[in-house]
Amino acid sequence: MKELDLLKKDWKKNSDSFQQISETEIYKMIHKQSSSTVKWILVISILEFSFWTFSNLFINTDDLLRKMNHPEIVLALDILTYFNYVVVLFFVINFYKNYKTISTTVATKTLMSAILRTRKIVQYYVWYNLGMLVIICIFSYFITFVYNPDMAFLREKLAADGKAMFFTVGILILTILGLLGIFWCIYRLLYGTLLRKLYANYKELKKIDF
C-alpha cells in the first residue's frame, strides 16, 4: 500500500480541480491490487488442490484395505474422498468467479461487494479444510485401530490397561491438535496475508466518494 499512500498525499496537495482525477487514479490502483490479490488466492488454492491430488496417487492404501476386508469401510473412504474433491472444486470455482468479477468491474460498490464476498469464501474455505483435517485424522485412527488385523495385539493390551488406553488417546488428541495448529499457521500465513490486503483495499474504497 506504499504507492497508494504516496498517491493520497499527492492528492491532498493538489487543488480541487484535480481532485476527481486523483480519486480515479486511487480507484484504479486499488482495483489493480485487489485483482492481483484475488488471483493469488486462486493460484494458491489450485496449487493446494493439485498437491493433495497428486499426493493421493503416490500413497498406496490398497494393501491395508485388503487386510481389513471391510468393503463398507472402503466405500466410506471413497465417499469422503469424492465429497472433499467436489467441495474444494466448488471453492476454487468461486475463487475464479470472484477474480473475474473483480478484474472486470468498474463500479465501486460492485468491487467492494466482491472483496467482501471473496474474504468470506476464503474464510469458509480455510475452516472447511481444517475441519476436514480433523475428520480425516479421527477416521483414519479409528479405522486403523479397530479394523486393522495388525493392531489386534495392541487392542487387547489397551483394553486390559485403562491407563495405557488413556495415554494413547491423549497422544492421538495432541497429534491432531498439533497438525491442526501447523495447518492453521500455514493458512494464516498464506491466505491471512492476502485477506488483510483485501480488507485494506476495502477500507480505502469506503473513503472514496464517487
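Trainee: Tell me what's going on with the packing of aromatic side chains, and back it up with residues and numbers.
Mentor: Across all of its chains, the model carries 10 aromatic pairs by this definition. For the pair F51 and W52, a centre-to-centre distance of 5.1 Å together with 70° between the ring planes defines the contact as edge-to-face. Here Y125 and Y191 contribute two aromatic rings whose centre-to-centre distance is 5.7 Å and whose plane-to-plane angle is 75°, an arrangement assigned as edge-to-face. Within this pair, whereas Y125 is found in helix α5 (residues 108-147), its partner Y191 is found in helix α7 (residues 162-207), the two being separated by 66 residues in sequence.

Trainee: Any details on a nonpolar patch on the surface? Residues and values, ideally.
Mentor: A cluster of nonpolar side chains, M165, V169, I173, L174 and L177, forms an exposed patch at the surface whose accessible area comes to about 440 Å². The residue L174 is located in helix α7 in this model.

Trainee: If you had to explain the nonpolar core to someone new, which residues and values would you point to?
Mentor: Of all hydrophobic cores here, the largest spans 32 residues; its most connected members are I41, F91, F95, I115, V122, Y191 and L205. Mapped onto this core, the elements with two or more residues apiece are α2 (19-58), α4 (71-104), α5 and α7. Counting residues per element, this core draws most heavily on α5, at 11 residues. Here V122 is in contact with I41, F95, Y191 and L195, once residues within four sequence places are set aside.

Trainee: Could you give me a rundown of the environment of L42, with the residues and numbers involved?
Mentor: Relative to the helices and strands, L42 is located in helix α2. By relative accessible area, which is 9% here, L42 ends up buried. Excluding residues that lie within four positions of it along the chain, L42 makes contacts with V92, F95, Y96 and Y99.

Trainee: Mind laying out the packing of α4 against α5, listing which residues take part and the relevant values?
Mentor: Viewed as axis vectors pointing N to C, α4 and α5 meet at an angle of 165°, and their least axial separation amounts to 10 Å. Taken together, α4 and α5 sit at an angle that is classed as roughly antiparallel. Two packed elements cross with a definite hand, and for α4 against α5 that hand is left-handed. Partitioned by chemical class, the residues of the contact of α4 with α5 number 23 nonpolar, 7 polar and 1 charged.

Trainee: Describe the side chain of N129, with residues and values.
Mentor: Its place among the elements puts N129 in helix α5. According to the relative accessible area criterion, N129 is buried, its value standing at 13%. Filtering out sequence-adjacent residues up to four positions away, N129 remains in contact with E48, V88 and Y187.

Trainee: Before we move on, could you go through α4 and cite the residues and values that matter?
Mentor: An α-helical turn contains 3.6 residues, so any two residues separated by three or four positions project in the same direction. End to end, α4 covers 50 Å across 34 residues, agreeing with the expected 50 Å (1.5 Å per residue, within 8%). When α4 is considered as a whole, its buried residues turn out to be I73, N84, V87, V88, F91, V92, N94, F95, N98 and I102.

Basis of the calculations
Residues numbered from 1 in each chain as written. Predicted model: local features only at pLDDT ≥ 70, side-chain atom pairs only at ≥ 80, totals over all residues. Heavy atoms only, no water. Phe/Tyr/Trp six-rings, centres within 6.5 Å; stacked < 30°, edge-to-face > 60°. Helix = DSSP H or I, 4+ residues; strand = E, 2+ residues; numbered from the N terminus. Patch = residues over 30% accessible without salt bridge, like charges linked within 9 Å, V, L, I, M, F, W, Y side chains within 5 Å. Areas by Shrake-Rupley, 256 points an atom, 1.4 Å probe, with all protein chains shown as cover. Salt bridge = Lys/Arg side-chain N within 4 Å of Asp/Glu carboxyl O. Core = buried A, V, L, I, M, F, W, Y, C linked by side-chain atoms within 4.5 Å. Buried < 20%, exposed > 50% of the residue type's maximum accessible area, 1.4 Å probe, protein only. Contact = heavy atoms within 4.5 Å. Axes fitted to C-alpha atoms, helices over the stretch in contact; angles between N-to-C directions. Parallel < 35°, antiparallel > 145°, perpendicular 65-115°, else oblique. Left-handed = near helix turned anticlockwise from the far one by under 90°. Nonpolar A, V, L, I, M, F, W, Y, C, P; charged D, E, K, R; others polar. Expected span 1.5 Å × (residues − 1).

Nothing here speaks to function; it is geometry throughout.
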